[in-house]
Amino acid sequence: MTQRVLTTESGAPVADNQNSATAGVGGPILLQDQHLLEKLARFNRERIPERVVHARGSGAYGYFEVTDDVTGFTRADFLSAVGKRTETFIRFSTVADSLGGADAVRDPRGFALKFYTDEGNYDLVGNNTPVFFIKDPIKFPDFIHSQKRDPFTGRQEPDNVWDFWAHAPEATHQVTWLMGDRGIPASYRHMNGYGSHTYQWTNAEGEAFFVKYHFKTNQGVRSLSSEQAAELAGKDGNSHQTDLLQAIERGVYPSWTLYVQVMPAAEAADYRFNPFDLTKVWPHGDYPLRRVGRLVLDRNPDNVFAEVEQAAFSPNNFVPGIGPSPDKMLQGRLFAYADAHRYRLGVNHTQLPVNAPRTAVVDNYGRDGLHATRNGARHDKNYEPNSYAGPAQTGATLSAPLAIHGWTGTHEAPAHTKDDNFFQAGELYRLMSEDEKGRLVANIAKGLSQVTRDDVIEKNLAHFHAADADYGKRVEEAVHALRED
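Just so we're clear, the structure is a prediction, and the values are computed from it rather than from any experiment.

> Go over the pattern of salt bridges, please, and point to the residues and values.
A complete count under the given rule lists 31 salt bridges for this structure. Ionic pairing is found between D118 and K84, a salt bridge with its closest N-O pair at 3.9 Å. In this pair, D118 is assigned in the loop between strand 3 (109–117) and strand 4 (120–127) and K84 in the loop between strand 1 (57–66) and strand 2 (85–94), connecting sequence segments 34 residues apart. Between R430 and E427 there is a salt bridge whose closest N-O contact spans 3.1 Å. Residue R430 and its partner E427 are located together in helix 9 (residues 423–431), separated by 3 residues, close to a single helical turn. One continuous salt-bridge network, built from bridges that share partners, spans E434, K437, D470 and R474.

Right, dumping it as structure tokens:
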């Protein structure tokens, strides 16, 4: 086999990669050693800012295959025919910890999926829970600050975590999910994924539907107890990454079945829950699951940095037939995700291989900026409209328009007949077995009992009492027992 030649960044061959150039034997290093300086300067810049949230993640390539006809609800081309396959890339992640954190921790998991469709990339950004802690994006920075490391102590503080939740009663539903048995997945392969937000589908006739995505794992749901997770995190901080990598390398390809709940747009206004509230679910009895297709992961990335760290998912990347809803958290994320990528990766991050469309042609007037690789040819114009046959608008919207009314200003979300902060948390608690309830109570009490302020504890206990009398009573007794020890 022919020996490859080591070169500098400019392509010049490197004569010696073992010894720096010096002024004589044993003398000081020379500033003219271009290869040494280039290596050190590049090494200093190898790391990019980590994500503020979802910093620690794993990814894989695969495909999505349509198994059921959904053309009555959406004109999205990648969903247009049974048997049609679309290449995908997925990134799983933990939310709160830094890039160096452990995988086996009690934390929601990100479930971000990129479909490389013929009409452009479609990004679906969700979690392994169908709900979230808050319903308005203006609270998101405060929420994340409360969950991450304290500026003074440098560690996650129960006082901060529970104080925020004490002032956010709408978080009770997600707290019940997080502290329950599914709060620590055994692996990325053994958890469900959810779009969580409400999205809009539009069919060929222009009819609009609101939808929620559910990816059900075909490996079965498996989770870890707090004790099992602590032991595993101590043995292998990369447990979820290792499991996913090795499974795919062995040819054991993980898969999920995609279902959607579909609500005709006309029913949204009078539904008993606000259908655009991220802290609420739509009960399956109201809107049953409809099968759409299956997601299969069958290829590991060749380079984690290039393909996982630089992967950029933006929920504003829609395709014809799919669009946003009035979900306020989704509306905030339409800006925030893309803006985060512009900060971390630069304005041309969409030109990186993992983010670039596979078959769709990108043709617009974006120019220049850091790392621009697609800047147009000699005679291409950088303005529109023009007289030189440049790309022009289609006039066809991706999704149906949404009717709006009322006054501008800051408003609380409209209340529907069954809307409160606690009903669905209580429903979730009452679905649990006695053993599940016991573990949930123990997990909550372990964290809440460490809070130093009595008023913060009492506010949180009031939330659990409001969700279910037995729930509140058991948490209160468990917290007081731990604080008396």
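> Break down the layout of surface pockets for me, citing the residues and quoting the values.
Taken as a whole, the largest pocket spans an internal volume of roughly 1,300 Å³. In this structure, the largest pocket is lined by 31 residues; those nearest its centre are N274, F276, P326, A413 and P414. Here the lining of the largest pocket is built from residues that sort into 13 nonpolar, 8 polar and 10 charged. In this model, the second largest pocket occupies a volume close to 1,100 Å³. Elements supplying a minimum of two residues to the lining of the second largest pocket: helix 2 (140–147), helix 3 (158–166), helix 4 (172–179), helix 5 (226–235) and helix 10 (434–448). Among the residues forming the lining of the second largest pocket, the class breakdown is 19 nonpolar, 7 polar and 9 charged.

> For helix 9, give the residues involved together with the corresponding values.
Listing the buried residues of helix 9 in full gives Q424, A425, G426, L428 and Y429. Those residues of helix 9 that are buried lie in contact with helix 4, helix 10, helix 11 (454–467) and helix 12 (469–484).

> I'd like a rundown of the pairing of strand 8 (residues 255–264), residues and numbers included.
Every other side chain in a regular strand lies on the same face of the sheet, so the side chains alternate between the two faces. Along strand 8, 8 of the 10 residues are buried, which leaves the element largely enclosed by surrounding structure. The pairing of strand 7 (residues 208–217) with strand 8 spans 9 bridges and is classified as antiparallel. If you follow F210 over to strand 8, its bridge partner there is M263.

> Kindly report on empty space enclosed by the protein, identifying the contributing residues and their values.
A complete count under the given rule lists 3 cavities of 30 Å³ or more for this structure. Along its surface, the largest cavity is lined by N128, W177, R182, P185, H190, M191, N192, Y194, V221, R222 and S223. Among the residues forming the lining of the largest cavity, the class breakdown is 5 nonpolar, 4 polar and 2 charged. In terms of lining, the second largest cavity is formed by D107, P108, N128, T129, W177, L178, R182, G183 and P185. By residue class, the composition of the lining of the second largest cavity is 4 nonpolar, 3 polar and 2 charged.

> Explain the packing of helix 2 against helix 3 to me, using residue names and the numbers behind them.
When two helices pack together, their arrangement is given by the angle between their axes and by how far apart the axes lie. At their nearest, the axes of helix 2 and helix 3 sit 7 Å apart, and the two run at 145° to each other. Contacts between helix 2 and helix 3 involve D142, F143, S146 and Q147 on the former and, on the latter, N160, V161, F164 and W165. Looking at the contact of helix 2 with helix 3 residue by residue, the class counts come to 4 nonpolar, 3 polar and 1 charged.

Criteria and thresholds
- Residues numbered from 1 in each chain as written.
- Predicted model: local features only at pLDDT ≥ 70, side-chain atom pairs only at ≥ 80, totals over all residues.
- Heavy atoms only, no water.
- Salt bridge = Lys/Arg side-chain N within 4 Å of Asp/Glu carboxyl O.
- Helix = DSSP H or I, 4+ residues; strand = E, 2+ residues; numbered from the N terminus.
- 1 Å grid on protein atoms, 1.4 Å probe; cavity = no way out; pocket = protein on both sides within 12 Å on 5 of 7 lines; lining within 4 Å.
- Points joined across faces, edges and corners; volume = space filled by probe spheres on them.
- Nonpolar A, V, L, I, M, F, W, Y, C, P; charged D, E, K, R; others polar.
- Buried < 20%, exposed > 50% of the residue type's maximum accessible area, 1.4 Å probe, protein only.
- Contact = heavy atoms within 4.5 Å.
- Pairing = 2+ DSSP bridges.
- Axes fitted to C-alpha atoms, helices over the stretch in contact; angles between N-to-C directions.

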